[in-house]
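Report on the structure
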Amino acid sequence: MAHIKVSKVKEDDVLECIIYPKICYTKSAEIVTEEILLEEIAKYNEVIAPYIEDYTWHHDSLIFYPRTKQALLLEKLLDYSTTTDEHNVLPHIYVQLCFDEDISDEWFTVFLIFKLTQTFDGLIAKIMDSDGEFLLIEAANVLPSWANPETCENHVFIYNGQLHIIRDKRKTLLKMLNNISEEPYLYKCSDNVQDVLRKRINVYPNEIKKRHHKARVFLPEKAVSILRQEPRLVALAIRTICHSDPLERKVCRAMRYFPPEQRIMVNVKMTKCLYAMANHCRYTGDPRTGWNVPPITCSKYNAHILGIKIACGLEMLVARANEERRKSEKRSANDPEKLKVNENLLNAYLTRLESSGYFRNLLKDSEEYEKLLNAAKDYYLKHFNLYNSVTNVHKSDAEKVLEAWENVQSNDVELHVQDEATLSPADSDSWLNVNPEQLEAFLNEQWGNVKSKKHESESLSLKEKVQMFLNQNSDVDGVQFLEGHSAEMDLHDAEDNGRVEFDSDIFDSTLRGILDLVVPGNEGEFDGSSEGSLGEEDEDKRNEMDKYMRLLNSELKSGMETNDNSEGNKDANVIEDNLIKSISEEAGGSGPTGNIIGGPARRLMHLQLQSPTTVPPDLQS
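Residues numbered from 1 in each chain as written. Predicted model: local features only at pLDDT ≥ 70, side-chain atom pairs only at ≥ 80, totals over all residues. Heavy atoms only, no water.

**Here we look at the overall build of the protein**
Under the convention used in this document: Working definition: helices are DSSP H or I runs of at least four residues, strands are E runs of at least two. Numbering for both runs from the N terminus. Contacts were defined at the residue level, with two residues in contact if any of their heavy atoms lie within 4.5 Å. Method for areas: the Shrake-Rupley scheme with a 1.4 Å probe, in which residue coverage is limited to the protein chains shown.
For the protein, the count of helices and strands is 26 helices and ten strands. Residue pairs at least 24 apart in sequence account for 77% of intrachain contacts in the protein once pairs closer than 6 positions are excluded. Carbon and sulfur atoms form 50% of the exposed surface of the protein, whose accessible area is close to 35700 Å².

Set out below in structure tokens:
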């Protein structure tokens, strides 16, 4: 069976996860029913329940969806997909979560998926977002050299709480899942990769409490009742007001559903991301509504402004839900046939099932054929209506706020009225301000001291760098000297599909910096031309060059004598002697060592090995 090619998520800020229980890749796809997948989902929800109980999701909450072979065919049909391999898919459990501005939701979901793969035997998962295989991006600095987007796309899996990569691009999805389950040690990433990911996700569940912020808010009484019923609706209210435009905010002038006349001071728990968004939103309510905001110098000013933003967000949601409800009722009254099943879609669905082998080549009108046909029709009727009900996410969220508003009773409002003095103090929001020192400390903690690493690399001598190169282990791709690898070279490698480029100018300037050869005058004075600066026509320049070579020769001898006194540098001295011997024998001409070091540096190093009064033959006029 071929595998479905899951391309990277197109939408921004969306996490996509595909979970394969063991039965999905060890049994036939027709055997895996929706009931079996729902039983697996119930087990997953039981495991993650303690972690998500007090968690405030920024946009979407974590929901597992079963996807059987029939469901995948129907989904592609409803999406008007034109792909031809939709029948070559494995049943699985699917998650699509929009984390929007708060990336904490993404990594919290990764933590939960890792936890599930550790808990359930044989469970394998794939996770990606709009950047593709973002888990590899997190561990980019410790990945093997062969790991790139071309070799790793759709070949990265989570099994038993660890990351695995299958390098062979020819394997089908079914084969890869069975390989990981049977021989995980062959595909498991290195300990360095696992450590990077563990460091990123092991901040949970402790991070859940750290991301919360308790704020003092002056809210209408009905808004308080709604947030007591559904605390997560505060995220929906804040995002709605922050993403709205002046036209959408017109409904906030009247405040029909959350009048400002009766307001109370309460504490509201939200995430730090939501609190920061609300604080940076410039909307402060319509002055004609009657909010009666105190002066900006008043200690209660922030509580009043934050309450206005939350109340207006809820007002917009209720107004939107009421408008959608009226439109839906109007459509139903004008066109009752709209609710009937589209026969063309049903026939197309049955045709695709037949082409995929669903009817097992049974004769039409036979008893077995009719059973399969009726089962397919029942499935279609059930999921067609379900698909239509969940396609509009905003409508669903607005409906929740409307239902909560309709369920608010007057006695519920009275229960929330309390003395302001009894409220616990709000959390400090000093974390909103980050000074340069804190930012640098955070970056150093996350990525290490980059300046220090760069300084250490630059301070290495030629002997030490050559020794480090010789100590590297070689594989089929050659020696990978990663210490000198630049980010720019990494980008070229990824874009050029492994093609090697060599820039002689950059290489010469780099070697010149390593050798610390600062030659007076223009570089052109020491080129190997017979008409150059050392010709017979210019004796003064030759004398100047001879003096400079004597100085270099004396410094080289003193440096070599110092190094000879150190027993720890014997191997490095042997390397240096071999380099000098090779350059001397090449006499400034072409050769292996000269080609590595480059033209100008090669000639200068050769000059300092000659007699100060002797000019090399290739530089004589």
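**Quick notes on the sheet that holds strand β6 (residues 162–165)**
Selection criterion: One bridge is not enough; two strands pair if DSSP finds at least two bridges between them. Only the stretch in contact is used when a helix axis is fitted, and all axes are lines through C-alpha atoms; the angle between N-to-C directions ranges over 0 to 180 degrees.
Taken together, six strands build an open sheet; the order of strands is β2-β3-β1-β4-β5-β6 and the sheet is antiparallel. Looking at the sheet topology across the chains shown, the edges are occupied by β2 (65–67) and β6. Going across the sheet, the axis of each strand differs from the next one's by a mean of 30°, ignoring polarity. Sheet analysis places strand β4 (residues 124–128) next to strand β5 (residues 156–159), joined by two bridges and oriented antiparallel. In the sheet register, Ile124 faces β5, and the bridge partner there is Tyr159.

**Side note on the packing of aromatic side chains**
Using the following cut-off: What counts as a ring pair is set by centres within 6.5 Å for rings of Phe, Tyr and Trp (its six-membered ring), and what kind of pair is set by the plane angle: stacked under 30 degrees, edge-to-face over 60, tilted for all other angles.
As enumerated under the stated definition, the model contains twelve aromatic pairs in all. On the basis of an interplanar angle of 85° and a centroid distance of 5.4 Å, the ring pair of Tyr51 and Phe111 is categorised as edge-to-face. Of the two residues, Tyr51 sits in helix α2 (residues 34–52) while Phe111 sits in helix α4 (residues 104–119), which places them 60 residues apart along the sequence. Between Trp107 and Phe134 the ring centres are 5.4 Å apart and the planes differ by 80°, which places this aromatic pair in the edge-to-face class. Taken together, the residues Trp107 in helix α4 and Phe134 in helix α5 (residues 134–138) connect sequence positions 27 residues apart.

**Some thoughts on the pairing of β4**
Rules: The buried label goes to any residue with under 20% of its type's maximum accessible area, the exposed label to any with over 50%, and the partly exposed label to all in between, with areas taken from a 1.4 Å probe on protein chains only.
Here β4 lies mainly inside the structure; five of its five residues are buried. Here five bridges tie strand β1 (residues 14–20) to β4, and the two strands are oriented antiparallel to one another. Bridge pairing in β4 places Ile18 opposite Lys126.

**A look at helix α7 (residues 173–182)**
One turn of the α-helix equals 3.6 residues, which is why residues spaced by three or four share an orientation. Of all ten residues making up α7, seven are buried, and the element is well covered by its neighbours. For α7, every residue scored as buried is listed here: Leu173, Met176, Leu177, Asn178, Asn179, Ile180 and Ser181. Packing partners of the buried residues in α7 comprise β1, α1 (22–26), β4, β5 and β6.

**Let's talk about the packing of α2 against α4**
How we decide: Should an angle fall under 35 degrees it is called roughly parallel, over 145 degrees roughly antiparallel, and 65 to 115 degrees roughly perpendicular, with every other angle called oblique. Note: crossing handedness is left-handed where the near helix turns anticlockwise from the far helix by less than a right angle, and right-handed where it turns clockwise. Residues are sorted three ways: Asp, Glu, Lys and Arg are charged, Ala, Val, Leu, Ile, Met, Phe, Trp, Tyr, Cys and Pro are nonpolar, and all the rest, Gly among them, are polar.
With their axes 10 Å apart at the nearest point, α2 and α4 run at an angle of 140° to one another. Considered as vectors, α2 and α4 are oriented oblique to each other. The handedness of the crossing between α2 and α4 is right-handed. Contacts between α2 and α4 involve Tyr44, Val47, Ile48, Tyr51 and Ile52 from the first element and Phe108, Phe111, Leu112, Lys115, Leu116 and Thr119 from the second. Along the lines of polarity and charge, the residues of the contact of α2 with α4 split into nine nonpolar, one polar and one charged.

**A few points about a nonpolar patch on the surface**
The cut-off we apply is this: Here, patches come from residues exposed beyond 30% relative accessible area and free of salt bridges, joined within 9 Å for like charges and within 5 Å for nonpolar side chains (Val, Leu, Ile, Met, Phe, Trp, Tyr). Here a salt bridge means any side-chain nitrogen of Lys or Arg lying within 4 Å of a carboxyl oxygen belonging to Asp or Glu.
Taken together, the side chains of Val434, Leu439, Phe442 and Leu443 present a nonpolar region at the surface, about 380 Å² in accessible area. As for its position among the elements, Leu439 is in helix α18 (residues 436–447).

**Description of a negative patch on the surface**
For the record, the criterion: None of His or the chain ends enter the tally, which takes Lys and Arg as positive and Asp and Glu as negative. Here the site of a charge means atom NZ of a Lys, CZ of an Arg, CG of an Asp or CD of a Glu.
Where like charges cluster on the molecular surface, the negative patch consists of Glu11, Asp12, Asp13, Glu101 and Asp131. Counting through the fold element by element, Asp12 comes out in the segment before β1. We classify Asp12 as exposed; its relative accessible area is 59%.

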